[in-house]
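Here's the letter readout for the chains.
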Amino acid sequence: MTAKIIDGKAFAEGLRTRIAGHVARLKAEHGITPGLAVVIVGEDPGSQVYVRNKAKQTVEVGMHSEKYELPAETPEADVLALVERLNADPAIHGILVQLPVPKHIDPNKVVLALSPDKDVDCFTPASVGKLQIGLPGPVSCTPLGCLMLLRDTLGSLEGLNAVIVGRSNLVGKPMAQLLLRENCTVTVAHSKTKNLAELVRQADIVVAAVGRPQMIKGDCIKPGATIIDVGINRVPAPEKGEGKTRLVGDVDYESAAAVAGAITPVPGGVGPMTIACLLANTVTTASLINGLVPPKDLTP
Ligand code: NDP
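Residues numbered from 1 in each chain as written. Predicted model: local features only at pLDDT ≥ 70, side-chain atom pairs only at ≥ 80, totals over all residues. Heavy atoms only, no water.

Asker: Quick question: what am I supposed to make of the overall build of the protein here?
Answerer: Per the secondary structure count, the protein includes 10 helices and 11 strands. Computed over its C-alpha atoms, the radius of gyration of the protein comes to 19 Å, within 12% of the 19 Å expected for a compact globule of 300 residues. Each principal axis of the C-alpha distribution contributes one length, and for the protein these read about 55 × 45 × 35 Å. The buried share among the 300 residues of the protein stands at 50%. Within the protein, contacts between residues at least 6 apart in sequence are counted, and of these 69% link residues at least 24 apart. On the protein, roughly 13700 Å² of surface is accessible, and the fraction owed to carbon and sulfur atoms is 55%. (Helix = DSSP H or I, 4+ residues; strand = E, 2+ residues; numbered from the N terminus. Rg over C-alpha atoms; globule rule 2.2 N^0.38 Å. Buried < 20%, exposed > 50% of the residue type's maximum accessible area, 1.4 Å probe, protein only. Contact = heavy atoms within 4.5 Å. Areas by Shrake-Rupley, 256 points an atom, 1.4 Å probe, with all protein chains shown as cover.)

Asker: How should I be thinking about the pairing of strand E8 (residues 226-229) in this particular structure?
Answerer: Successive side chains on a regular strand alternate, one facing one side of the sheet and the next facing the other. Because side chains alternate across E8, one face comprises the buried residues Thr-226 and Ile-228, and the other comprises Ile-227 and Asp-229, equally buried. Here E8 pairs with strand E11 (residues 262-263) via 2 bridges, running parallel. In the strand pairing of E11, Ile-227 is matched with Ile-263. (Pairing = 2+ DSSP bridges.)

Asker: Is there a simple way to think about helix H3 (residues 76-88) in this case?
Answerer: Residue pairs three or four apart in sequence face the same way in an α-helix, which turns once every 3.6 residues. Over its 13 residues, H3 extends 19 Å from the first C-alpha to the last, a length consistent with the 18 Å expected when each residue adds 1.5 Å. Of all the positions in H3, only Glu-76, Val-79, Leu-82, Val-83, Leu-86 and Asn-87 are classed as buried. Buried residues of H3, viewed axially, fall in a sector of 140°; they line one side. Set apart from the buried face of H3 by more than 90 degrees, the exposed residues are Ala-77 and Ala-88. Close packing links the buried residues of H3 with strand E2 (35-41), strand E3 (64-70), strand E4 (94-97) and helix H4 (107-113). (Expected span 1.5 Å × (residues − 1). Arc of directions from axis to C-beta.)

Asker: In this structure, what is going on with the domain arrangement of the protein? I would like to understand it.
Answerer: A common measure of how large an interface is: the accessible area buried when the components associate. When the domains of the protein are assigned, the result is domain 1 (31-118) and domain 2 (141-272). For domain 1 and domain 2, the distance between their C-alpha centres works out to 29 Å. (Domains from an automatic or database assignment.)

Asker: Explanation requested: the side chain of Thr-299 in the structure shown.
Answerer: Note that Thr-299 resides in the segment after helix H10 (271-289). In terms of polar contacts, Thr-299 uses its side chain to reach the backbone carbonyl oxygen of Lys-296, at 3.2 Å. (Polar contact = N/O pair within 3.5 Å; in protein donor to acceptor, adjacent residues only side chain to side chain.)

Asker: Help me understand the sheet that holds strand E7 (residues 205-208) in this model?
Answerer: By way of backbone hydrogen bonds, the strands of a sheet pair with one another, either parallel or antiparallel. Spatial strand order, E1-E11-E8-E7-E5-E6: 6 strands in an open sheet with parallel pairing. The open sheet has two free edges, formed respectively by strand E1 (4-5) and strand E6 (185-189), since each of these has just one partner strand. Across 2 bridges, E1 lies against E11 in parallel orientation. From the neighbouring strand, Ile-5 faces E11, where its bridge partner is Ile-263. On the sheet, helix H6 (residues 141-154) packs against E1, E7, E8 and E11 and is oriented at approximately 160° with respect to E8. The strands touched by helix H7 (residues 172-181) are strand E5 (161-165), E6 and E7; relative to E5, the strand with the most contacts, the crossing angle is about 170°. (Axes fitted to C-alpha atoms, helices over the stretch in contact; angles between N-to-C directions.)

Asker: Is there a simple way to explain the site of the ligand in this structure?
Answerer: The local shell around the ligand holds 21 residues, among which Arg-167, Ser-168, Ser-191, Arg-212 and Thr-274 are the closest. Residue Val-230 places a main-chain N or O atom 3.4 Å away from a nitrogen atom belonging to the ligand. Here the ligand, which alone exposes 930 Å², has 70% of that area covered by the protein. Tallied by class, the residues present in the shell around the ligand amount to 9 nonpolar, 10 polar and 2 charged. (Near = heavy atom within 4 Å. Nonpolar A, V, L, I, M, F, W, Y, C, P; charged D, E, K, R; others polar.)

Asker: I tried to follow the UniProt feature "binding site: NADP(+)" (unreviewed entry) in the protein on my own but got confused; where do I start?
Answerer: Those residues carrying the UniProt feature "binding site: NADP(+)" (unreviewed entry) are Gly-166, Arg-167, Ser-168 and Ile-232 in this numbering. In this fold, Gly-166 is placed in the loop between E5 and H7. On the basis of relative accessible area, Gly-166 is assigned to the buried category, the value being 10%. Beyond its immediate sequence surroundings of up to four residues, Gly-166 is in contact with Gly-172, Val-188, Ala-189 and Ala-209. Relative to the helices and strands, Ser-168 is located in the loop between E5 and H7. Discounting chain neighbours no more than four positions away, the residues touching Ser-168 are Lys-173 and Pro-174. Separated by 3.0 Å, the side chain of Ser-168 and the backbone nitrogen of Val-171 make a polar contact. (UniProt positions renumbered as here; feature names shortened; annotations may be inferred.)

Asker: Help me out: how do you make sense of the sheet that holds E2 in this one?
Answerer: Within the open sheet, the 3 strands sit side by side as E3-E2-E4. Their pairing is parallel. The open sheet has two free edges, formed respectively by E3 and E4, since each of these has just one partner strand. With strand direction ignored, the average angle separating the axes of adjacent strands in the sheet is 15°. Bridge analysis of E2 against E4 gives 4 bridges, and the strand direction is parallel. Along E4, the bridge assignment pairs Val-39 with Val-97. Contacting E2, E3 and E4, helix H2 (residues 45-60) runs over the sheet at an angle of about 160° to E3. Contacting E2 and E4, H10 runs over the sheet at an angle of about 125° to E2.

See the structure below:
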């Protein structure tokens, strides 16, 4: 079998078009322009590119965008004061503080300072709790993107066996919540899991969020399974020249695609969905803050 390639880049483009439509309607019918503020502390080049992309796409869908690039030595109190100011700013409906922050800043303090109403990355205890009990609110961006791709590929997910490899607060745990809500039977594996290959072989859906290049091979994939590869790993690529690198996922794409029914590539699978879902979440929070029902196609 040769797997269908799940084109996250194309899906994210379509999603952004729909988001732009919702933004235009919020403006025209309610006078609301959803606003997203992104805060980055320090000069990590990877994060800076990511933040610039977020700001660019925010403007492209018609939203208000604010970007705060603070020097690495900014005191914790100043970062917290900025968050407080954005919490109170009526033009801002979503706040994202790019993690990791420099060592002298406690990330938990930053997360706890965020207004849950504007917590578009779903980090605060209130947002995590809402996700768990199924109340409306923002949903962690990467898992939301994975869910959208799974629904688009499979339709109903009810009754399917899903194995999630990785239990981070950012990806694995919220993914498990979302798939439980879809009536999947969910197993969450981690670094202490025994017989991982055997578990993965039972899965109709595999979500790999580990951070280990090409760890999951085709010989532990059930024929016809749907594979969502969240991993982004940079590995040496001597074939491209000395010192060159390339991106690979946590799944060994070649061997897995020979067995799976459908698979996300890296790059071009889950990655493009994450920023698009950040924008979707900002429409959701802008709607909720103003007492409106968020658009159904942007929420789980
Ligand atoms: P974390 O490092 O926070 O979590 C990794 C998880 O993998 C942990 O739960 C860990 O287990 C588990 N793990 C580690 N080694 C093994 C192993 N040998 N077998 C089974 N499980 C293992 O990573 P994130 O969740 O933040 O990210 C995972 C990957 O996804 C990374 O490559 C990251 O770059 C990528 N990513 C991609 C995004 C995108 O937009 N596409 C967004 C976010 C992340 P334990 O808990 O026991 O330590």
